[in-house]
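Below, each chain spelled out in residue letters.
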Amino acid sequence: MIGSTPSFYPNLVKGGSFLKPNTVNISSNSTIKNTRRTLKNLFYSKKIAPYVFVFPFILIFCGFYLYPVITTIIMSFYDILPGQTKFVGLENYKRLFNPTFYKALYNTSIYTLWTIVILIPIPLLFAVILNSKIMKGKTFFRACLFIPALTSTIVAGVIFRLLFSESETAFANSFIMFFGLDPITWRQSGPAIMFLMVSLATWRWMGVNMIYFLTGLQNIPKEMYEAAEIDGANMINKFWHITIPFLKPVTVYVLTITLFAGYKMFEEAYVFWEVNSPGNISLTLVGYLYKEGFQYNQLGYGSAIGVSLLIIVAILGFIQLQLTGTFRKKGGN
Amino acid sequence: MTNKRKSKWGKAILFFIMLIPAFIAVFPLAALLLASFKPSTELMRFGLNVYPQFELWSLDNYIYLFTDGNIYFHWFKNSLIISLFSTILALIFSSMVGYSLAMYRFRGQNVILFLVLLIMMIPFEIMMLPLFRMMIELGAVNTYTGVILPMIVHPLTIFFFRQFALGLPDDLMDAARIDGCSEYGIFARIMVPLMKPAYGAMGILLALFSWNNFLWPLVVLRTKEMLTLPIGLAGLLTPYGNNYDILIAGSVLTVLPIIILFIFAQKYFISSLTAGAIKG
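Residues numbered from 1 in each chain as written. Chains lettered and ligands numbered in written order. Predicted model: local features only at pLDDT ≥ 70, side-chain atom pairs only at ≥ 80, totals over all residues.

(A) Representation of the overall build of chain A in the model. Each helix and strand counted, chain A has 16 helices and two strands in total. Expressed as a percentage of the 333 residues in chain A, the buried residues total 37%. (Helix = DSSP H or I, 4+ residues; strand = E, 2+ residues; numbered from the N terminus. Buried ≥ 20, exposed ≤ 12 C-beta atoms within 10 Å, placed from the backbone.)

(B) A look at the nonpolar core. Counting residues in each nonpolar core, the largest one holds 156 residues, and the members touching the most others are Leu163(A) and Leu285(A). If you tally residues by element for this core, the top one is helix α10 (residues 190-218) of chain A, at 15 residues. Each of domain 1 (10-87) and domain 2 (93-332) of chain A contributes no fewer than three residues to this core. The residues contacting Leu163(A), other than those within four sequence positions of it, are Ala170(A), Phe171(A), Ala172(A), Pro28(B), Ala31(B) and Leu48(B). (Core = buried A, V, L, I, M, F, W, Y, C linked by C-beta atoms within 7 Å. Domains from an automatic or database assignment. Contact = placed C-beta atoms within 7 Å.)

(C) Structural detail: the pairing of strand β1 (residues 78-81) of chain A. Residue and element names in this part refer to chain A. Here β1 shows one buried face, formed by Tyr78 and Ile80, and one open face, formed by Asp79 and Leu81. By the bridge criterion, four bridges tie β1 to strand β2 (residues 84-87) in an arrangement that is antiparallel. Looking at β2, one finds that Tyr78 is bridged to Phe87. The loop that links β1 with its antiparallel partner β2 comprises two residues; one of these, Gly83, has a positive phi angle of about 90 degrees. (Pairing = 2+ DSSP bridges.)

(D) Region of interest: the domain arrangement of chain A. All names here are of chain A. If you check the domain split of chain A, you get domain 1 (10-87) and domain 2 (93-332). Here domain 1 and domain 2 have C-alpha centroids that lie 42 Å from each other. Put simply, the parts of the chain that give the side of domain 1 that touches domain 2 at least two residues each are α3 (49-75) and β1. For the side of domain 1 that touches domain 2, the class distribution of residues is four nonpolar, two polar and one charged. (Nonpolar A, V, L, I, M, F, W, Y, C, P; charged D, E, K, R; others polar.)

(E) Structural context of unusual backbone geometry. Residues and elements named next belong to chain A. Positive phi, normally seen in glycine, also occurs at Glu274, with a value near 50 degrees. You can see Glu274 is positioned in the loop between α14 (267-273) and α15 (285-295). When the 16 C-beta atoms within 10 Å are taken as the criterion, Glu274 is described as partly exposed. For Asn280, which is not glycine, the phi torsion reads 50 degrees and is therefore positive. Tracing the chain through its elements places Asn280 in the loop between α14 and α15.

(F) Looking closely at the interface of chain B and chain A. Taken together, the contact between chain B and chain A spans 80 residues of the former and 85 residues of the latter. At 16 residues, helix α1 (residues 2-35) of chain B tops the list of elements feeding residues into the side of chain B that touches chain A. Of the residues assigned to the side of chain B that touches chain A, the class counts are 60 nonpolar, 13 polar and seven charged.

(G) Structural view of the packing of helix α8 (residues 155-166) of chain B against helix α11 (residues 196-212) of chain B. Residues and elements named next belong to chain B. At a closest axis distance of 10 Å, the pairing of α8 and α11 adopts a crossing angle of 170 degrees. Classed by the angle they form, the pair α8 and α11 counts as roughly antiparallel. Taking contact as the criterion, the partners of Thr157, Phe160, Phe161 and Phe164 in α8 are, on α11, Ala198, Met202 and Leu206. Across the contact of α8 with α11, the residue classes tally to six nonpolar, one polar and no charged. (Axes fitted to C-alpha atoms, helices over the stretch in contact; angles between N-to-C directions. Parallel < 35°, antiparallel > 145°, perpendicular 65-115°, else oblique.)

(H) Representation of helix α9 (residues 171-178) of chain A within the structure. Along α9(A), the residues classified as buried are Phe171(A), Ala172(A) and Asn173(A). The first or second residue beyond α9(A) is Gly180(A), which carries a positive phi of 80 degrees.

(I) A look at the packing of helix α5 (residues 99-119) of chain A against α10(A). All names here are of chain A. With their axes 10 Å apart at the nearest point, α5 and α10 run at an angle of 40 degrees to one another. Between α5 and α10, the angle falls in the class oblique. Both α5 and α10 take part in a crossing whose hand is right-handed. Contacts between α5 and α10 involve Ile110, Tyr111, Trp114, Thr115, Ile118 and Leu119 from the first element and Met194, Met197, Val198, Ala201, Thr202, Trp205, Met206 and Asn209 from the second. Considered class by class, the residues forming the contact of α5 with α10 number eleven nonpolar, three polar and no charged. (Left-handed = near helix turned anticlockwise from the far one by under 90°.)

Dropping the structure here:
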């Protein structure tokens, strides 16, 4: 009944109420009324409706995305002080060549690298285990691993700070002392703080990435494995030649979000030292932006940090897409 | 026979392998819960450990939180209001965009799709400085509006709604048009009810995101009474540990509602978080 589209009312279907015959009224003061009615009809027409739906989005996009991005770029060429703004050209960008920026860039890159190295293969392994036919208690394990993702980084950080506190009786130190090692002042040294930040991210994201991979695994047709078994493939063969190629889209997705989240990292560092750590051992790019922009009021310089972050992310995203794109071509043949 | 025995061993090994990450995942939260029953002075002096020490147990931290720690419930209220409004507004606006991208053919459609993609690629963090200056000019610093405004367009949600709406029948729209329903009526009366599962999944994702959101509220909110939970709690992390009672009990009460919700609606949580991966 619904499906049989009525050829009986072609006009209505095509044009909606727009084509409804207006009650024609040729009195003098009705022109305004008429235009108002046309406007109203126009508003209700099928052609205008989608624009009405997207209008709030366009408004917010221009106000809260487009305008700030353009302003950031412009601000990065200015020296901005209360009451006066001075064009300084590339001066802010020249200032970027300093040890603090290098340190922030280094910390951020190392952090991102670690999260990629850990948060792709290990969740993949867990997903494969959970997806295997003989596994028991899948829902339970999935739920357990997912729970950390529900906590905010701050609450997770509170727990980590207390577990890894400097006292010898805190969990982490008593654990390593059990193995005869010396207690560590976790927050004080570069490698230890990096370990803490990466662990925090790992703890929170392991389950989410595992679920991404699980979704990918469940989309692999079972017949593929059955066919491979008939051809005498063993488990490792099946993993390399079926599982890995089929998981490629999911892996690319996980890689992309991990890369982006890594370079935008702020909270994992903030919970340990806010933005002022000794020797900047936990300073990240966003942390540096926050510090310069909001604490020292260096709006121009802060913007230059932001723009360079944008450029770095764009370049890395491009490289990553190129690399994974070429892989896809190979895999397709 | 041997095969069966082999798989039995395999089953046990896999089970025990998975117990390790499951334990690591749950352990810190259990430790937090345990610590919330111990005196905060103990915690400050000795750090968090796993000895139960039942003789030290009391509800003092919680009692303090409910009696003298009034500030905590300010934060709780702020978090609740901000999460509620930003989720509802983001759902309304994002579903409108996603729906119109899926159901209509119009000029500029691809441009809008491209803009949505572009927002996904631009880190929000880089626009904070000009956005903050804008908020000063709008008088929105230290207000809920200031926190909520930039959050009401959420690209992933738009994508999800577009994907969902693509699976809905167009015939229904035509039938409704014949019955004299306006385009907006079709959306509000027919399509919104049909998109309920999408609203559920995305509602959870958005609510979780704004409940835990940190950086932007940290920039916008200025006075102690206006802070949200994560920012308030982060401020208590002083080396002196004088506020650890609120910090610990407060952290438990921040996570607990979400975990309880998760236990009852696990499927929705998981489908909402994987929304991006399927079509990604």
